[in-house]
Structures are given as structure tokens and as C-alpha cells.
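Coordinate inspection notes
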Amino acid sequence: MPTDVHQHLWPPGFVALLRSRSAPPRLDGWTLHLPGEPPYAVDPADHDIAARARLARADGLDLALVSLSSPLGIEYLPPAEAAPLLAAFHDGALDLPAPFGVWASACLSAPEPDPDALRRELARGCVGLQLPATALLDAAGWARCAPLLDAAAEQDAPLFVHPGPAPAAERDAPAWWPALVPYLQQLHASWFAFRAFGRPRHPDLRVCFAALAGLAPLHGERLVARGGGRERGRVDCKAFYETSSYGTRAVDALVRAAGIDVVVSGSDRPYAEPVLPDLGAQAAMHALRTVNPARLLGPTKGARP
């Protein structure tokens, strides 16, 4: 079942709520306003459900997993603001036609996370939990999110770590700055925090990091040099890396560091085009698009009828 584990598609009800807001995150027509980024002109075709379904089929996909865009910052809004947006996203995304599946999201601004709300979304058909990397940067973040991760593990559902909101952009920074600087810094930090704090607390949880975890796994030699590499050479077969925005050289380097069995295909559509890295064998692409995503999602998850 060829799979893209990382796409974004906004259902109509979710779009309507974004347009009804007077403060970021909000849509003014099709212009997106976020606190830490310049206004972004959204292409309406990117969220045309029928067109996106045709595009997914043209890409040869049997399953395309969509998720809330964590850089919007919805998870961090006050609960009264976050709840209707999360509900509109989950309701609309779960109603999408094949080949789409859905990652669940959670409100992170309440005094305590609500694992029961996550359990309900998983029971409705979400394949796993997405959290912003900004929620998992250190020991405190992994501890605070532990109830959500325990609920996911109970349902044999994986975690997807996605970049979160960007801070205010540097003065005169180019448009690509958030995607190349804060997003990758977040993923980099969350991966090391996962190694140090997340994995010991959640030994069986399957975790997937967007964008090759900001290439954090390539720092194994420095980790050894600085005293943190006692387990170098041992591959965590339940920690996966998604390929969006990277090509052959980066994916090949990640494969050399972590092995091909933990690399999964993702595009970040509509913000990036799918890239099929040339790893020298058709079996490699079969692993990235079919075998490895199936291992990430687990035996009970898959395309909805």
C-alpha cells in the first residue's frame, strides 16, 4: 500500500473557522496570517478535496495521511479557541474520501493534556497522534505530553513529530527562513530530547520525525565524541524518519546513519512536491513507500474503505 505519511489538507469547515478569526492564526480570503511568519498566499487548489484526491492517485498512493498544520499554533491557543478548530479539522479530515487518512492533534494549552479526547479521535479512525516539536524540546516537554503518549501506546498508535510555530522572523529574513531555521532547529532538539528522555519513558512507542528529524541522526560521531554515544550502532527500529523536502543525498546519508528500514516517504504536500530519492534499487523505494510506512502505522492501521 504505497503511502505518503505527511500531507496537509484543510476541510471547508476548518477554513471557515480560520476566516472567522480576528487574530492569528487566521485567513483573510486566502491569505494566511501567522504570528512568526510573513503573510502567505494560499492557493485555493491546494485545499480542493477532489483535486487533491486525484493528485494522490496520480502519485500512485493508496494512503495519504493529512494532519493539522502545527505551525498554525492551534494546539497552543486557549482551550476555548482551540477546541472548535480541532473539532472542525478532525470532523472534516475524517470525512475525506480515499486515499486520505488522518493524524490526530491535541490541545496543549490546558493545565493538563486530555488523553481521553485523543482516545476518542483514535477510536473514530485517526491513525496516530501528531505533536509539534516545540512541545517536545526537553525533559519537561516529554513529561508533560506523557499522558497523550501513553494513550497512543495503549491503542498501538504512533506519534508524528512535526515542526511547530516559528518565533518572530529575523528582520529582513527571506521567506524560506522559518522552514530552514526554526523548523529544523525544533526537530533537531526534539530528536535529541527523545533519545534522552522520551525513549526511556516510552520504550515501545513508534515515533516518526518529519523532515528527517532536521538531520539530527547524522550527528552520531559528535555524539560519541561528547560522551553520549554508548549505544552507537544500535538502530532504534521504532524511530522513523520522514523524507519531505529532502532528496537523494540527504536521504542516502540518513539511511547510512540509521538504516533503510526506518525511513518513510512523505511529501509535506501542498508546501512541497514529492521527491523519490534515487537509492539505486527499486526495492529501496518499495521500502520507503510501502513496507516501512506499514511498520510505522502498525497492523491495525491502513487505508479506510
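In this report, we go over the structure that sits alongside the text. (Residues numbered from 1 in each chain as written. Predicted model: local features only at pLDDT ≥ 70, side-chain atom pairs only at ≥ 80, totals over all residues. Heavy atoms only, no water.)

Things to note about the overall build of the protein
Along its length, the protein carries 11 helices and 11 strands. Relative to the 2.2 N^0.38 estimate, which gives 19 Å for 305 residues, the radius of gyration of the protein is 18 Å and therefore close to what a compact globule would have. Taking as baseline every contact in the protein between residues at least 6 positions apart, the subset at least 24 positions apart corresponds to 77%. On the protein, roughly 13,400 Å² of surface is accessible, and the fraction owed to carbon and sulfur atoms is 55%. (Helix = DSSP H or I, 4+ residues; strand = E, 2+ residues; numbered from the N terminus. Rg over C-alpha atoms; globule rule 2.2 N^0.38 Å. Contact = heavy atoms within 4.5 Å. Areas by Shrake-Rupley, 256 points an atom, 1.4 Å probe, with all protein chains shown as cover.)

Some words on the packing of aromatic side chains
Scanning the model with the defined rule gives nine aromatic pairs in all. Ring plane angle 85° and centroid distance 4.8 Å describe the contact between W191 and F192, whose orientation is recorded as edge-to-face. Among the aromatic side chains, those forming a connected cluster through ring pairs are W142, F194, F209 and Y241. Cation over ring: R19 sits above W30, and NZ or CZ is 4.5 Å from the ring centre. (Phe/Tyr/Trp six-rings, centres within 6.5 Å; stacked < 30°, edge-to-face > 60°. Lys NZ or Arg CZ within 6 Å of the ring centre and 35° of its normal.)

Looking at the side chain of R289
The residue R289 is located in helix α11 (residues 282-297) in this model. Comment: no salt bridge for buried R289; closest opposite-charge side chain is D59, at 6.5 Å. Residues contacting R289, with those up to four places away along its chain left out, are M1, P2, T3, D59, G60, L61, S265 and L276. (Buried < 20%, exposed > 50% of the residue type's maximum accessible area, 1.4 Å probe, protein only. Lys, Arg positive; Asp, Glu negative; His and termini not counted. Salt bridge = Lys/Arg side-chain N within 4 Å of Asp/Glu carboxyl O.)

A look at the state of the cysteines
Inspection of the entire model under this criterion finds zero disulfides. No disulfide involves C208; its sulfur sits 14 Å from that of C237, the nearest cysteine. Residue C208 is classed as buried on the basis of its relative accessible area, which comes to 0%. (Disulfide = S-S within 2.5 Å.)

Some thoughts on the sheet that holds strand β6 (residues 100-104)
Read from one edge to the other, the open sheet built from eight strands follows the order β1-β5-β6-β7-β8-β9-β10-β11, with strand pairing classed as parallel. The strands lining the two open edges of the sheet, one partner per strand, are β1 (3-7) and β11 (263-264). Both strand β9 (residues 207-209) and strand β10 (residues 239-242) contribute to a ladder of three bridges, which runs parallel. Within the sheet, the bridge partner assigned to V207 lies in β10 and is A239. (Pairing = 2+ DSSP bridges.)

Observations regarding the pairing of strand β3 (residues 31-34)
The two faces of the sheet receive side chains in turn, since in a regular strand these alternate between them. Note that strand β2 (residues 26-28) and β3 share three bridges and pair antiparallel. Across the sheet, residue D28 finds its bridge partner in β3, namely T31. Between β2 and β3, which follow one another and run antiparallel, lie two residues, and G29 among them has a positive phi close to 65°. Judged from the three bridges that link them, β3 and strand β4 (residues 37-41) form a sheet pairing that is antiparallel. Bridged to L32 within β4 is Y40. Connecting the antiparallel pair β3 and β4 is a turn made up of two residues.

Re the environment of A87
Relative to the assigned elements, A87 resides in helix α3 (residues 79-94). Counting along the chain gives 30 residues from A87 to R57, while the straight-line C-alpha distance between them is 27 Å.

Examining the sheet that holds β3
Taken in spatial order, the three strands make up an open sheet running β2-β3-β4, and their pairing is antiparallel. Edge positions in the sheet fall to β2 and β4, since each of these pairs with one other strand and no more. When strand polarity is set aside, the average angle formed by the axes of neighbouring strands in this sheet is 25°. (Axes fitted to C-alpha atoms, helices over the stretch in contact; angles between N-to-C directions.)

Points about the pairing of β6
With respect to burial, β6 is a largely interior element, five of its five residues being buried. Along β6, one buried face is formed by F100, V102 and A104 and the opposite face, lined by G101 and W103, is buried too. Two elements, strand β5 (residues 63-66) and β6, share three bridges in a ladder whose sense is parallel. Looking at β6, one finds that A64 is bridged to F100. One ladder, built from two bridges, connects β6 with strand β7 (residues 128-132); its direction is parallel.

A closer look at the nonpolar core
Core analysis: the biggest nonpolar cluster contains 85 residues, and W10, F14, L131, L159 and Y241 have the highest contact counts within it. Per element, the largest residue contribution to this core is seven residues, and it comes from α3. With residues near it in sequence (within four places) discarded, F14 still touches L68, L72, I74, L85, A88 and F89. (Core = buried A, V, L, I, M, F, W, Y, C linked by side-chain atoms within 4.5 Å.)

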